[in-house]
Amino acid sequence: MCKRALHYPQVETPPPQPFLKSLKNTLNEILFADDPFRKIRNESKTSKKIELVLRHVFPILEWARGYNLNYLKSDVISGITIASLAIPQGISYAQLANLPPILGLYSSFVPPMVYAIMGSSKDLAVGTVAVASLLTAAMLGKEVSAVENPKLYLHLAFTATFFAGLMQTCLGLLRLGFLVEILSHAAIIGFMAGAATVVCLQQLKGLLGLSHFTHSTDVVSVLRSIFSQSHMWRWESGILGCCFLFFLLTTKYISKKRPKLFWISAMAPLVSVIFGSLFVYFLHAQFHGIQIIGELKKGINPPSITHLVFTSPYVTLALKTGIITGVLALAEGIAVGRSFAMYKNYNIDGNKEMIAFGMMNIFGSFSSCYLTTGPFSRSAVNYNAGCKTAVSNVVMAVAVAVTLLFLTPLFFYTPLVVLSSIIIAAMLGLVDYEAAMNLWKLDKFDFFVCLSAFLGVVFGTIEIGLILSVGISVLRLLLFVGRPKIYLMGKIQNTEIYRNIEQYPQATTLSGLIILHIDGPIYFANSSYLRDRIGRWIDEEEEKLRKSEENSLQYIILDLSAVGNIDTSGISMLEEVNKILGRRDLKLVIANPGAELMKKLSKSKFIETIGKDWIHLTVAEAVSACDHMLQTAKPDSPEKISGVPEFNNV
């Protein structure tokens, strides 16, 4: 092999590290990318370390030190405002889950108190959500009827909440939050829109005053159930429901147009409950087709730890329900918390949030609560009301406790049709058609993911929609890994810069060599594809040179600047490519390999095989070295050895 005539700095191989140290660094990078314990590690005093640990576990100790009267005023206003929304929404969502309405109030008392101590978001307002409520009803209702066996159904809901909290806590403690992010943004948009559509259709039962309804969630079954009972529709209920729905949507429109009037839409559900109850009370509408809530038990949350079900066959059902609803609740809560943290320019720790969500659901399952998270609508009201800290959740919890102790008899005459109107008004905000259209403009595949999730929920079941969402998201991830981009590079005129010739059509290719950029790590999943794709580029380039009767191809430069890692299959692929190129009188040249690549290529003896002189720091240096060899050697165009296999036939 000819030594390079031009002298360039060589690509260094990083010094070897002991295996245990390397493993430790890798695990730290995976699990502790944000290095959450650096303050604790750098502190020398034991007492100070203990204080920092407590502040890390309980964020309330961090922000409580600077708490003042102005913060309290803002948090009290925010807390009372979100309580006015939480009370009617809590009752509505509990009915959606086929649970006693009082559980919606219980779930707005204990979990917010726990989150205020352990949560890291200043703006998140804790409570129940419609999608998780519907999913709980759909999954538990398949095996246990809430009508025929309400006690067992209730206990399974508590158990599912316990398992959800346990799973969330474990994910946070083990720093495995990235597993939740397997649901892509596009999948969440489609899933939420589909779930909101199903929820709205199911509320037609309340709007039309129907007593019997299908347990299925797909749109076909729901519509069949509605129209097969057209003779049982109650016009009184329909008119009252439409009036309240119009009122709620109007207040939402006003608040959207004038953000300072956010309190109008926040107070609208409670106002609807009050006026609806007065309407029923004075006109005795319960005797004219208007269904009412009935009696709500007074008193704060009774303990439910003894009601958890850990016996076969129901424990499996509770576990499955808890894991699925818990993942959804976690994804929604963290996404909402990060959104508002971005607006106020502070950070939240995703793993600490998981622990906070998990602990509030575990304690909630012990105190007659079902699954809670951070709903967007309630958090948006909390943010717009000017909350400063998580004390707003405490104020809301206190307001709910006062309601539980003294005001529950006032909800006796609350019409169910009002609760249906509240749910529909809240759900329409989850159908984000603008986001879907934006996906269509930006990325057609993401739009397909969104549409698949939506159709899976609407025409199948919530579970099918969730499976499609996760499945297609994973498929796309595999496509990114299994089919990395590889493109031809050319030189931008009057520079030493080389770029993709598709992005820069004015970039010129050089005679006698081609430069290929691999845009991703090289693994077992993509090594065969990359080998075939490199071979295709070479075959196409040689054919083009033969037709134009230009100089034959001599050098293949691989730009590995974007290859962050490589496994043994990838190394074998490079060795195979090098052998095939050698048989075809072509020389493989490597440009800009990273530290991890150099370490593995050195250990595998690939560097010795190819020669250090053919590994360069930059593409420009590799091109210059190859051009120098072409100019000095001036070899005759060698005829390729007959019978040498093409890449695609290897």
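These lines cover the structure that appears in this document, whether it is placed above or below. (Residues numbered from 1 in each chain as written. Predicted model: local features only at pLDDT ≥ 70, side-chain atom pairs only at ≥ 80, totals over all residues. Heavy atoms only, no water.)

1. Concerning the pattern of salt bridges
All told, the structure shown has 16 salt bridges when counted by the stated rule. Glu-496 is the salt-bridge partner of Lys-491, the closest N and O atoms lying 3.6 Å from each other. Judged by relative accessible area, Lys-491 falls into the partly exposed class, the value being 22%. A salt bridge links Arg-584 to Asp-539; the shortest N-O distance between them is 3.0 Å. Of this pair, Arg-584 sits in the loop between helix H24 (568–583) and strand S5 (587–591) while Asp-539 sits in helix H23 (residues 527–548); the two residues are 45 residues apart in sequence, bridging distant segments of the chain. Here Arg-584 matches Asp-539 in class, with each residue buried. Here the salt bridges share partners, and the residues they tie into one network are Glu-51, Arg-55, Glu-62 and Arg-65. (Salt bridge = Lys/Arg side-chain N within 4 Å of Asp/Glu carboxyl O. Buried < 20%, exposed > 50% of the residue type's maximum accessible area, 1.4 Å probe, protein only. Helix = DSSP H or I, 4+ residues; strand = E, 2+ residues; numbered from the N terminus.)

2. So, a nonpolar patch on the surface
There is a patch of nonpolar side chains on the surface, built from Ile-274, Phe-275, Leu-278, Phe-279, Tyr-281, Phe-282 and Leu-283 and spanning about 730 Å² of accessible area. Structurally, Phe-275 is set in helix H14 (residues 262–283). What makes Phe-275 exposed here is its relative accessible area of 52%. (Patch = residues over 30% accessible without salt bridge, like charges linked within 9 Å, V, L, I, M, F, W, Y side chains within 5 Å. Areas by Shrake-Rupley, 256 points an atom, 1.4 Å probe, with all protein chains shown as cover.)

3. What to know about the environment of Gly-289
Checked against the element boundaries, Gly-289 lands in the loop between H14 and helix H15 (314–343). Between the alpha carbons of Gly-289 and Leu-208 there is a distance of 9.5 Å; along the sequence they are 81 residues apart. With sequence-adjacent residues up to four places away left out, Gly-289 is seen in contact with Arg-234 and Ser-237. (Contact = heavy atoms within 4.5 Å.)

4. Notes on unusual backbone geometry
Backbone torsion omega between Ser-312 and Pro-313 reads 5°, so that peptide bond is classified as cis. Turning to its location among the elements, Pro-313 is positioned in the loop between H14 and H15. If you check the backbone angles, Asn-592 has positive phi at about 55° while not being a glycine. Inspection of the secondary structure puts Asn-592 in the loop between S5 and helix H25 (595–603).

5. Digging into the pairing of strand S1 (residues 485–491)
With five bridges joining them, S1 and strand S3 (residues 513–519) adopt antiparallel strand pairing. Bridging from a neighbouring strand, Leu-488 pairs with Leu-516 of S3. In the sheet, S1 pairs with strand S2 (residues 498–500) via three bridges, with the strands oriented antiparallel. Residue Lys-491 lies in a different strand from S2, and its bridge partner there is Tyr-498. Counting the residues between successive antiparallel strands, the hairpin from S1 to S2 contains six residues, one of them, Asn-494, with a positive phi of roughly 65°. (Pairing = 2+ DSSP bridges.)

6. Some points on the side chain of Ser-237
Of note, Ser-237 is situated in helix H13 (residues 235–257). We classify Ser-237 as buried; its relative accessible area is 2%. Among the polar contacts listed, one links the side chain of Ser-237 to the backbone oxygen of Leu-207, at a separation of 3.0 Å. The contact partners of Ser-237, leaving out residues within four places of it in the chain, are Gly-206, Leu-207, Leu-208, Gly-209, Gly-289, Ile-290 and Val-417. (Polar contact = N/O pair within 3.5 Å; in protein donor to acceptor, adjacent residues only side chain to side chain.)

7. Considering the packing of helix H9 (residues 150–173) against H15
Their axes nearest at 7 Å, the elements H9 and H15 cross at an angle of 55°. The angle between H9 and H15 places the two elements in the oblique class. Pair H9 / H15 crosses with right-handed handedness. Only Tyr-314, Val-315, Leu-317, Ala-318, Leu-319, Thr-321, Gly-322, Ile-323, Gly-326, Val-327, Ala-329 and Leu-330 of H15 make contact with H9, whose side of the interface consists of Leu-152, Leu-156, Thr-159, Ala-160, Phe-163, Ala-164, Met-167, Gln-168 and Leu-171. (Axes fitted to C-alpha atoms, helices over the stretch in contact; angles between N-to-C directions. Parallel < 35°, antiparallel > 145°, perpendicular 65-115°, else oblique. Left-handed = near helix turned anticlockwise from the far one by under 90°.)

8. Concerning the environment of Lys-352
For Lys-352, the location among the structural elements is in helix H16 (residues 350–365). Among the residues examined, Lys-352 registers a relative accessible area of 18% and is labelled buried. Excluding residues that lie within four positions of it along the chain, Lys-352 makes contacts with His-56, Pro-59 and Met-118.

9. Thoughts on the packing of aromatic side chains
Taken as a whole and assessed by the stated rule, the structure comprises 18 aromatic pairs. Seen from their ring centres, Tyr-281 and Phe-282 are 5.2 Å apart, and the 80° between their planes marks the pair as edge-to-face. With a relative accessible area of 44%, Tyr-281 lands in the partly exposed category. Taking the centre distance of 5.2 Å and the plane angle of 40° together, the rings of Phe-340 and Tyr-383 count as tilted. Residue Phe-340 is located in helix H15, and its partner Tyr-383 is located in helix H17 (residues 376–384); the two are separated by 43 residues in the primary sequence. The buried category is assigned to Phe-340, whose relative accessible area is 3%. Through pairs of rings, three or more aromatic residues link up here, namely Phe-162, Phe-163, Phe-310 and Phe-366. A cation over an aromatic ring shows up here: Lys-122 above the ring of Tyr-346, its NZ or CZ 4.7 Å from the ring centre. Positioned over the ring face of Trp-440 is Lys-444, at 4.7 Å from the centre of the ring. (Phe/Tyr/Trp six-rings, centres within 6.5 Å; stacked < 30°, edge-to-face > 60°. Lys NZ or Arg CZ within 6 Å of the ring centre and 35° of its normal.)

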